[in-house]
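Summary of structural features
For reference, the chains in residue letters:
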Number of protein chains: 2
Amino acid sequence: MTMDQLLQQLPETAPVLQATFGLERESLRITDTSRVAQTPHPSLLGSRQFHPYIQTDYSEAQLELITPVAQTTAEARRFLGAITDVAGRSIERDEYLWPLSMPPHISEADIQIAALEDQTEYQYRVGLGKRYGKLLQSMSGIHYNVELGTDLTAQLFALSGYDNQIAFRNDLYLKLAQNFLRYRWFLIYLYGASPIAERGFLKDTLNSPVRSLRNSSLGYVNHEDIQVSFADLTTYVTDLEAYVASGQLSAEKEFYAPVRLRGSKHNRDYLTKGITYLEFRCFDLNPFDPLGISQEALDTVHLFILALLWLDQSTSVDKDIAVANDLNNRIALAHPLEPLPAEADYHSILRAMTEVVTHFQLDDYYHQLIQQAQEAINSPRLTLSGQLVSHLDGLSLQDFGQQQGQTYRAYFWSSPYALKGYESMELSTQLLLFDAIQKGLHVEILDENDQFLKLWHNDHVEYVKNGNMTSKDNYIVPLAMANKTVTKKILADAGFPVPAGQEFSSKSTARRYYGQIAEQAIVVKPKSTNFGLGISIFQDPASLDDYDKALDIAFAEDSDVLVETFIPGTEYRFFVLDGKCEAVLLRVAANVVGDGTHTIAQLIDLKNQNPLRGRDHRSPLELITLGDIERLTLQQQGYTPDTILPEGIKANLRGNSNISTGGDSIDVTEQMHESFKQLAADMATAIGAWVCGVDLIIPDLSKTASKEIPNCTCIELNFNPSMYMHTYCHEGPGQPLTAKILANLFPEIH
Amino acid sequence: MTMDQLLQQLPETAPVLQATFGLERESLRITDTSRVAQTPHPSLLGSRQFHPYIQTDYSEAQLELITPVAQTTAEARRFLGAITDVAGRSIERDEYLWPLSMPPHISEADIQIAALEDQTEYQYRVGLGKRYGKLLQSMSGIHYNVELGTDLTAQLFALSGYDNQIAFRNDLYLKLAQNFLRYRWFLIYLYGASPIAERGFLKDTLNSPVRSLRNSSLGYVNHEDIQVSFADLTTYVTDLEAYVASGQLSAEKEFYAPVRLRGSKHNRDYLTKGITYLEFRCFDLNPFDPLGISQEALDTVHLFILALLWLDQSTSVDKDIAVANDLNNRIALAHPLEPLPAEADYHSILRAMTEVVTHFQLDDYYHQLIQQAQEAINSPRLTLSGQLVSHLDGLSLQDFGQQQGQTYRAYFWSSPYALKGYESMELSTQLLLFDAIQKGLHVEILDENDQFLKLWHNDHVEYVKNGNMTSKDNYIVPLAMANKTVTKKILADAGFPVPAGQEFSSKSTARRYYGQIAEQAIVVKPKSTNFGLGISIFQDPASLDDYDKALDIAFAEDSDVLVETFIPGTEYRFFVLDGKCEAVLLRVAANVVGDGTHTIAQLIDLKNQNPLRGRDHRSPLELITLGDIERLTLQQQGYTPDTILPEGIKANLRGNSNISTGGDSIDVTEQMHESFKQLAADMATAIGAWVCGVDLIIPDLSKTASKEIPNCTCIELNFNPSMYMHTYCHEGPGQPLTAKILANLFPEIH
């Protein structure tokens, strides 16, 4: 039985791209003075004892970013982007993630071994430092993990003639590993990106740049005595165990092959349990990409891996690998602009890649990837190391590294309310995901459009939808809050202030109600209303005639109409969580304030330059538009868009204070008197809500509130209150609510 | 200060109709042999110790139905209808509620004093029996409680010049009580309905029928020595206390005035706390109405009460009342067809009623009520007692009473799945309301359109929406169940069988998936679908071309498309509550079975005669229609509506098995193997649901289920599973689920 030709026998419809992926990226924390950070691992990142995504590698300053298993390269890279974003914003503000595999100028003394609680791990690192020197440990790269899809593997197994699945898997993955070692120079040529070492890093300084120091014999490699056979799995395992037994390796994991078998802790277990997946470890950080690896590279590598399966096995494995290692070393140490040597048979690889794309009718995208690789082969300047040549300052990349690293830092901080890669999700969910990743919760997006998350720590699972719909609320409570009539009855029964009023389903009954409200300020409104349609407000008592008209207007919008006492005052949103008011927000209608120089239209443009303003609820504030409603609102104040507004004079652009129509959010949590916060919290408790947005109208802030003399009226309870608007405000410090949601859901990790 | 003219000074817009109402109706349980039931108070009605709505009055067989306070007469009467419905269906099937105030033929021995646990109450009844005789205690009537509205009272108070609200209320209600006593003959004339006593009831047999025995001196009245002054409240209280002190009355409540002051247990408390409302006690049961009192009577009385306020007070109260009592007695004892005597000044009342209607511009309805009263005055045959004359059998109404009582019983049983008066609510909510009233929970409908209920017992409050959305479920669970993708992931993670499959948002990715499903039976469907639109089922593996077309069809309906393994078998709905499967239902597509005689169209008509079939989900089964889809379905089987179907041959009218399109519901709870029920329950538990509808597809019922070898697949979990369809089935015994919901919510009363 042989693995050869197997892939070629699959039907064109076979799920050849089916695979799972995982990425690990190392990166040094570097200060703005281009020194390795001497600060401890950021406390914002929770505990390294369990953090699934952000760990430290060798040294305290070397972050290791680990994605969970993803179904596509794009999903893996997206999650890597999110972890990078979180890590980049969790370190000190004068630090950034070094974008290159080779560190900036560094000395042994700069490198603090990661202060892990696990003493075995710590001592292992001490040993490595002694064996290889700490400098080498400061190189960073990306590891690319791939498991072939279950359906794909099953179809290959069915064709293979094997009767044992484990034996089949082992042979399949071993063939892949062998061919990877035979052809990895192809990837080093394209993606090698460690052309220099800064002064003092190497014993013997290089005279000219190379492709990939890290993937050469000068890189972080085992002693040349270590020769492990890849010819068959049993030999491989036996070789490794012998080196550990002899003390030449301190552990099996100290064997630094460019490809590593994965799935079991001890290699011998593969013989009985099978190899689960492979880890490809040869990728230098791509400094032209904020994540260190591009989407195209991920997919080219995926196609390359399929090509390795498409190609036949070697019949003299270890000999071929030895030759390939030598070729690889020459290519890695060649000048970046030097073409591939003649003995590098890239034709076979490109042909195999093309055959895979053609046979399985893959998208044109994959043809383009092959085309790009071909072009880079034709023109070394297009390779990563080729591109880096122009950024060399003598034989240093320190300035370039700093410039790129700081640019990426600015990029990650540019929208602090967003999570990179997840910008299409609701803002509150992005904030919550950010916090969850930061604190080391496991996260899985069960349904992206539905904002449905699974979060877990050990055995403790919580599901969260829309940022704060959780297991902490009982089902009937949000349903009650969704119904204005029910909410009012419950609050009123519990003795809290709500607008007096009544609901009507017939106009004649509503009209008869006039006797009860003839002398009051009232609001007449449809029971369900959008953007204030059908609402009439009488700040002075209405005549029967006007009341009658207001009823007609409201009944035109809904079959049920509410007539309520009008409550004068200012509306505030109180965010209550678990019986405690955590934030208070004042929303102000869209407006501009004059400076005596600019027109109103210009003032709007200026105000819209605030990076917090955007469109479609994907920014904490919305851009102010200048549409019909705004023009009408201006006109009512005697203005036009061309009016030059005197200094300090405010022009309103809207009658409603919604953030969604350009309103301002003002965080008044600290200024609001405690008694109002307590009353709001008590209202949420009365209805039984864990999370609740309480809208209070307060006529006079100089008074205080109590249940007996409330000095305020509750006009609405909200069961899924927006959180982001409290966090990133037009004015005021902002309150971080999503972190409190998590602290409440997972008290054990806070 | 005087109460006179006060109402007349109110502006026309004043809320003159604002009031709250409560009704109490007594009724004997009578057997089909026209005897007073000797059975104990029905155990179905829970405990009399706390039942708020259904109690026993004097005797064990005399039900007392008590409405809660209602904002309108219609609402009070509607609730009375519901209580009557519940009571009528909670007694033995050979009993019914006696529709007349006067009992059928009865002897002292038939009357068992109510077996109340409260010994004071029991002994009080023993005393009454001795003092008045038990026979008199078997008369039944309706008490009508009214409190004037708070805004109305406030406006009257503001006009009155009083400075003390309690004094004002007492004078207001005392005036009302006085005028009521002066004019109650008006109501006895219209609504008196106790023309005879059956043989043996009275010592001296009447020679001809009268208007109202019950409201005459022959009725249940105090000894004529008891003369309590209504001239002022202090005298009233003092008089009453004196009679109790002397032993002439055993308690203040033994004073049987036609109007009773209400709000405090002891009359003296009115002096300091004020009268809250009045109870008018003179209403005979109207045997022409299943509830004993008509809507028109309730509103005429309301208007009459307002007229009593409109009219001036008497200046010689007790004298006027004595004269009025005498007049009343004569009118009550007059022949039903005799006109009012000349001294009965009905003109003043009718005029006052008209003035109220005119002054406050009340609807034409109230004019009509006055008109009806006027006509009844002109023509005694139109009064209740006048109408009863034609039903007299000699001087007996026993046959008529039986006929009416049995007709009403049949009416209440006609739609056992509905709650009378609440038929516009969802069926499951009607069933739950029925059960809640039956068991003696307090119920309040917070929002009728939203099916939102408040239920309580003592301090324990539960809110219920749509029959089973409660505090028992946590919020995220139904949200998870509402999302098919999330549900599948959670079930699959927990190791339960769900259809393999994947969700796609682009056609090209979905197309690429073909390789994974090329050899399977599959379903291609839009993620959200209604009535099967856009679904393609391939029971044999699809060609790529057909798969491609199916994707186009599905993507035309939704931007997300699911491709799932097709699961052959039969779908069953498992209803799980609190970890236990309580019901299993098989739904079968709308169909008819031939008899060799009728056409398919005729068979449909015959099947539709089942009283369980109706329209718009307001019956447990829907009427089968014969529309385009049904005709097409018939055509596919080679039939037309005119086909005469051979005996035993089934013709399907639909491809889908929804009950809403005429499908049959078959209760298979008892037949289903326990292992499937357990698996369904375990699935609900896995997702954390308290209430859950689990849809399982079972290919082979002869096998059993386990988590390891499920022999079934879960295709959906439902967070608000329908309950009524399990209870009233086309076939099978049906399972009472709403009662179990209540037992779970209120274990303390079960």
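Up top is the structure.
Presented here is a report on the structure given in the accompanying data block. (Residues numbered from 1 in each chain as written. Chains lettered and ligands numbered in written order. Predicted model: local features only at pLDDT ≥ 70, side-chain atom pairs only at ≥ 80, totals over all residues. Heavy atoms only, no water.)

**Looking at the environment of A:Arg182**
All names here are of chain A. Checked against the element boundaries, Arg-182 lands in helix α5 (residues 165–191). Distance in space between the C-alpha atoms of Arg-182 and Leu-45 is 40 Å, their sequence separation being 137 residues. If we skip the residues at most four places from it in the chain, Arg-182 touches Asp-312, Gln-313, Ser-314, Asp-320, Ile-321 and Ala-324. (Helix = DSSP H or I, 4+ residues; strand = E, 2+ residues; numbered from the N terminus. Contact = heavy atoms within 4.5 Å.)

**Points about the relation of the copies chain B and chain A**
Between chain B and chain A, which share one sequence, the superposing operator has a rotation angle of 180° and an axial displacement of 0.1 Å; the RMSD is 0.1 Å. Put plainly, the chains are arranged around a two-fold axis. When the interface residues of chain B are mapped onto chain A, 100% of them again lie at the interface, so the same face is used by both copies. (Least-squares fit on C-alpha atoms with pLDDT ≥ 70 in both.)

**Quick notes on the interface of chain B and chain A**
Taken together, the contact between chain B and chain A spans 47 residues of the former and 47 residues of the latter. Of the roughly 3,800 Å² buried between chain B and chain A, counting both surfaces, carbon and sulfur atoms make up 56%. Linking chain B with chain A are four salt bridges. Among the salt bridges present, the one from B:Lys527 reaches A:Asp447, with a minimum N-O distance of 2.3 Å. At the level of elements, α4 (150–160), β8 (442–447), β9 (452–457), β10 (460–465), α15 (476–481), α16 (484–493) and α18 (514–517) of chain B are the ones that each hand at least two residues to the side of chain B that touches chain A. (Buried area = accessible area lost by both parts, 1.4 Å probe. Salt bridge = Lys/Arg side-chain N within 4 Å of Asp/Glu carboxyl O.)

**Overview of the packing of helix α5 (residues 165–191) of chain B against helix α8 (residues 295–310) of chain B**
All names here are of chain B. At their nearest, the axes of α5 and α8 sit 9 Å apart, and the two run at 135° to each other. If you check the angle between α5 and α8, you find them oblique. Note on packing geometry: the crossing formed by α5 with α8 is right-handed. Where α5 approaches α8, its residues Leu-172, Lys-175, Leu-176, Asn-179, Phe-180, Tyr-183, Arg-184, Phe-186, Leu-187 and Tyr-191 are matched on the opposing element by Glu-296, Ala-297, Thr-300, Val-301, Phe-304, Ile-305, Leu-308 and Leu-309. In the contact of α5 with α8, the residues fall into 13 nonpolar, two polar and three charged. (Axes fitted to C-alpha atoms, helices over the stretch in contact; angles between N-to-C directions. Parallel < 35°, antiparallel > 145°, perpendicular 65-115°, else oblique. Left-handed = near helix turned anticlockwise from the far one by under 90°. Nonpolar A, V, L, I, M, F, W, Y, C, P; charged D, E, K, R; others polar.)

**What to know about the state of the cysteines**
All names here are of chain A. The final tally for this structure, using the stated rule, is zero disulfides over all chains. For Cys-581, which is in no disulfide, the shortest distance to another cysteine sulfur is to Cys-692 and amounts to 10 Å. With no disulfide of its own, Cys-712 has Cys-714 as its nearest cysteine by sulfur position, at a separation of 8.2 Å. (Disulfide = S-S within 2.5 Å.)

**Quick notes on the side chain of A:Asp435**
Residues and elements named next belong to chain A. In this structure, Asp-435 sits in helix α14 (residues 427–439). Buried Asp-435, no salt bridge; nearest opposite-charge side chain is Lys-439, N-O distance 7.1 Å. A distance of 2.5 Å separates the side chain of Asp-435 from the side chain of Thr-738, its partner in a polar contact. (Buried < 20%, exposed > 50% of the residue type's maximum accessible area, 1.4 Å probe, protein only. Lys, Arg positive; Asp, Glu negative; His and termini not counted. Polar contact = N/O pair within 3.5 Å; in protein donor to acceptor, adjacent residues only side chain to side chain.)

**Here we look at the sheet that holds β9(B)**
Judged by pairing direction, the sheet is antiparallel, and its three strands sit side by side in the order β8-β9-β10 (chain B) without closing on themselves. The sheet is open, and its two borders are formed by β8 and β10 of chain B, each paired with just one other strand. The mean angle between the axes of side-by-side strands here comes to 25°, regardless of whether they run parallel or antiparallel. Across six bridges, β9(B) lies against β10(B) in antiparallel orientation. Its bridge partner being in β10(B), B:His457 is matched across the sheet by B:His460. Strands β8, β9 and β10 of chain B of the sheet are contacted by helix α16 (residues 484–493) of chain A, whose axis makes an angle of about 130° with β8(B). (Pairing = 2+ DSSP bridges.)

**Considering the pairing of strand β9 (residues 452–457) of chain A**
All names here are of chain A. In terms of residue burial, β9 counts as a mostly covered element, since five of its six residues are buried. As paired strands, strand β8 (residues 442–447) and β9 are joined by five bridges and run antiparallel to one another. In the strand pairing of β9, Val-443 is matched with Leu-455. Remark: four residues form the turn of the hairpin made by β8 and β9, two consecutive strands paired antiparallel; Gln-451 in that turn has positive phi of roughly 55°. The turn joining β9 and strand β10 (residues 460–465), which pair antiparallel and follow one another in sequence, is formed by two residues; a positive phi near 50° is taken by Asn-458.

**Concerning helix α2 (residues 73–88) of chain B**
Taking 1.5 Å of rise per residue, the 16 residues of α2(B) would be expected to cover 22 Å, and the 22 Å separating its terminal C-alpha atoms lies within 8% of that figure. Within α2(B), 14 of the 16 residues are buried, leaving the element largely enclosed by the surrounding structure. (Expected span 1.5 Å × (residues − 1).)

**Digging into the pairing of strand β12 (residues 522–526) of chain A**
Residue and element names in this part refer to chain A. Counting buried positions over the five residues of β12 gives five, a clear majority of the element. By the alternation rule, side chains of β12 split into Ile-522, Val-524 and Pro-526 and Val-523 and Lys-525, which are all buried. Alignment of β12 against strand β13 (residues 536–538), held across three bridges, turns out to be antiparallel. Bridging across to β13, Val-523 finds its partner in Ile-537. With five bridges connecting them, β12 and strand β14 (residues 561–565) associate as antiparallel partners. Residue pairing for β14: Lys-525 is matched across the bridge by Leu-562.

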